[in-house]
Amino acid sequence: MLKKNARPVNSPKKLKRIIFLLGPTAIGKSAAAILLAEKINAEIISCDSMQVYRKMDILTSKVAARERKKVRHHLLGIIDPGREYNVAQYRQAALSLCDKLFKKGKIPLFTGGTGLYYSVIVDGLFPAVPEDKLLRAKLEKQLSAKGNDYLYRRLAKVDPPAAKKIHPHDSRRIIRALEVYLTAGEPISALQKSRVGLGKEFQIKIFGLNTDRQALYNIIDQRVEKMFTAGVINEVKRLRKQKLSRTASRAIGVPEIAGFLAGKYPLDEAKRLIQRNSRHYAKRQLTWFRKDKRIKWINIKEKDNPAEIAKRIYKQL
RNA sequence: GCCGAGAUAGCUCAGUGGUAGAGCGCGGCCCUGAAAAGGCCGGCGUGGGGGGUCCGAUUCCCUCUCUCGGCA
């Protein structure tokens, strides 16, 4: 169990390179990543919590199959949307892929916008307190029965530092903190201190794509328009024939289109909501990445095409 | 041209003789096993222009401009 957190590496003679290409949704990471990967003999590892799901290609703007032929992509469409997926699984899969790529002499190029997934690769995950479904269900039941105040006070008793850090309304984190305490017997605030990231044997370069806010929002709005002409409605209809995991069911576009399909509002409203929620999401992504001072920002002007972006990154390698 | 209604935040609008709020939008932030999730914070304003009454006007009065209805 504890081994999960140790870095499984083969002994290197030289530094192993890992490159990250991050940024808000719709900024153009995927296209640039392919061109960059071709230049430097890299393979792409998706760093995206929703693109891991199958059957959600339009919803998550997955790179088209023919593009994928140019450069190998990993962790894209690997699990059924009926199943749960989480950071720990992602980390394990991504790190073992890195090892495989190194053996082949390839550079892993992480591309995506899920801040947490990025951070557990670079900075690690605290050891081995996996989610406990039964316990969690029990805590969730208590939450709805007694309110989050009750759970929050309980947490404050066993783990004051965690309680101080977590807002009383943030029930999801309260539950996880309690879950960790109850299963490990140690407070999460203590465990979180031991975190093992990528070691010194790696040479890491981290790039972030950004542009001015209004331009970004325009790109997002346009992308959503395209999703509709590409047939998201049908994709969601097909998707909803099965029971979706909690995670997959929250992908932007699924609840919004479900509302339209249920007749709660017209199509335009569904579109508007998806655009707005995507903008909010992009904003949150930027907040997350902005504080990470290791990121080298590449500022995009409207006229920059993917090749231009790839070139600019290449120069800074 | 006449009559009526209105002009307040980016938008839609509320309210008050003591310099102003709500929703949406927008901005900032937090984040360690659901993360495209979840949570927190912020009013961002020459109250259409000018004049008057008043200790004091966004609020009352006059006037101008504009918008929307109706009548010509």
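Along each chain, residues carry numbers from 1 onward, in the same order as the chain's sequence is written. Chains and ligands are labelled by the order in which they are written, letters from A for the one and numbers from 1 for the other. Totals for whole chains, interfaces and linings use all residues, but because this is a predicted model, local features are given only for residues with pLDDT of at least 70 and pairs of side-chain atoms are given and counted only at 80 or more. Side-chain figures throughout are based on the complete set of non-hydrogen atoms in the structure, without hydrogens or water.

Some details on the nonpolar core
Ranked by internal contacts, the top residues of the largest apolar core, which has 45 residues, are Phe20, Ile45, Tyr90, Phe110 and Tyr118. Taken together, the elements giving at least two residues each to this core come down to β1 (16-22), α3 (87-104), α4 (115-122), β5 (202-210), α9 (213-230), α10 (232-239), α12 (254-261) and α13 (267-290). Segments assigned H or I by DSSP are reported as helices when at least four residues long, segments assigned E as strands when at least two residues long, and all are numbered from the N terminus. The biggest single contributor to this core is α3, with eight residues. Every residue in contact with Ile45, bar those within four places of it in the chain, is listed here: His74, Leu75, Tyr90, Ala94, Leu97, Cys98, Leu101, Pro108, Leu109, Phe110 and Thr111. Within the second largest apolar cluster, 28 residues are counted, among which are Ile19, Ile27, Ile300 and Ile313. Side-chain atoms within 4.5 Å link the members of a nonpolar core, which is a set of buried Ala, Val, Leu, Ile, Met, Phe, Trp, Tyr and Cys residues. Burial status follows relative accessibility: with a 1.4 Å probe on protein chains alone, a residue under 20% of its type maximum counts as buried, one over 50% as exposed, and anything between as partly exposed. Should any heavy atoms of two residues lie within 4.5 Å, those residues are considered in contact.

Focus: the pattern of salt bridges
Here, a salt bridge means any side-chain nitrogen of Lys or Arg that lies within 4 Å of a carboxyl oxygen of Asp or Glu. For the structure shown, the criterion picks out 15 salt bridges. Between Lys62 and Asp57 there is a salt bridge; the shortest N-O distance is 2.9 Å. The partly exposed category is assigned to Asp57, whose relative accessible area is 39%. For Arg279, the salt bridge goes to Asp221, with nearest N and O atoms at 2.9 Å. With Arg279 in helix α13 and Asp221 in helix α9, this pair connects stretches of sequence that are 58 residues apart.

Here we look at a positive patch on the surface
Exposure above 30% relative accessible area and no salt bridge define the residues that can form patches, which grow by joining like charges within 9 Å and nonpolar side chains of Val, Leu, Ile, Met, Phe, Trp and Tyr within 5 Å. The method behind every accessible area is Shrake-Rupley, applied with a 1.4 Å probe, and residues are considered shielded solely by the protein chains displayed. Here Asp and Glu are counted as negative and Lys and Arg as positive; His is not counted, and neither are the chain ends. Lys charges are placed at NZ, Arg charges at CZ, Asp charges at CG and Glu charges at CD. Together, Arg213, Lys283, Arg290 and Lys293 line one region of the surface with positive charge. Within the fold, Lys283 resides in helix α13. Classification of Lys283 as partly exposed rests on a relative accessible area of 41%.

A few points about the sheet that holds strand β4 (residues 107-111)
Across a sheet, strands are paired by hydrogen bonds formed along the backbone, either parallel or antiparallel in direction. Two strands form a pair only when DSSP identifies at least two bridges running between them. Reading across from one edge, β3-β2-β4-β1-β5-β6 is the order of the six strands in this open sheet, with parallel pairing throughout. Unpaired on one side and paired on the other, β3 (73-74) and β6 (296-299) mark the two borders of the sheet. To get an axis, fit a line to the C-alpha atoms, keeping to the stretch in contact for a helix; angles then go from 0 to 180 degrees between the N-to-C directions. Strands β1, β2 (42-46), β3, β4 and β5 of the sheet are contacted by helix α1 (residues 29-40), whose axis makes an angle of about 170° with β4.

Details of the domain arrangement of chain A
In this document the domain limits rely on a domain assignment from an automatic tool or a database. Split by domain assignment, chain A resolves into domain 1 (12-125 + 195-314) and domain 2 (133-192). The straight-line distance from the C-alpha centre of domain 1 to that of domain 2 is 30 Å.

Thoughts on the protein's contact with RNA strand B
Distances are taken per atom, and a residue is near a molecule or strand as soon as one of its heavy atoms is within 4 Å of it. Lining the immediate surroundings of RNA strand B are 47 residues, of which Ser49, Thr247, Arg276, Arg284 and Arg290 lie closest. Between N or O atoms, a polar contact is any pair within 3.5 Å; within protein, one atom must be a potential hydrogen donor and the other a potential acceptor, and residues adjacent in sequence are included only when both atoms are from side chains. Take Arg173: an N or O atom from its side chain is 2.8 Å from a phosphate oxygen of RNA strand B. At a separation of 3.4 Å, a base nitrogen of RNA strand B approaches a polar side-chain atom of Arg195. Residue assignment for the surface near RNA strand B shows that the elements contributing at least two residues are α3, α4, α5 (133-158), α7 (171-184), α9, α11 (246-249) and α13. If one sorts the elements of the surface near RNA strand B by residue count, α13 sits on top with nine residues.

Digging into the confidence of the model for chain A
When pLDDT is averaged along chain A, the result is 91; 96% of the residues meet or exceed 70. Predicted as a complex, the structure gets a pTM of 0.89 and an ipTM equal to 0.88. Scored from 0 to 100, pLDDT records how confident the predictor is in each individual residue.

A few points about the pairing of β4
Burial analysis of β4 places five of its five residues in the buried class, which makes it a mostly covered element. Side chains Ile107, Leu109 and Thr111 of β4 all project onto a buried face; the interleaved residues Pro108 and Phe110 project onto the opposite face, where all are buried too. In terms of strand pairing, β1 meets β4 through three bridges, oriented parallel. Bridge pairing in β4 places Ile19 opposite Leu109. Examined bridge by bridge, β2 and β4 share five bridges and lie parallel to one another. Paired with Ala42 across the bridge in β4 is Ile107.

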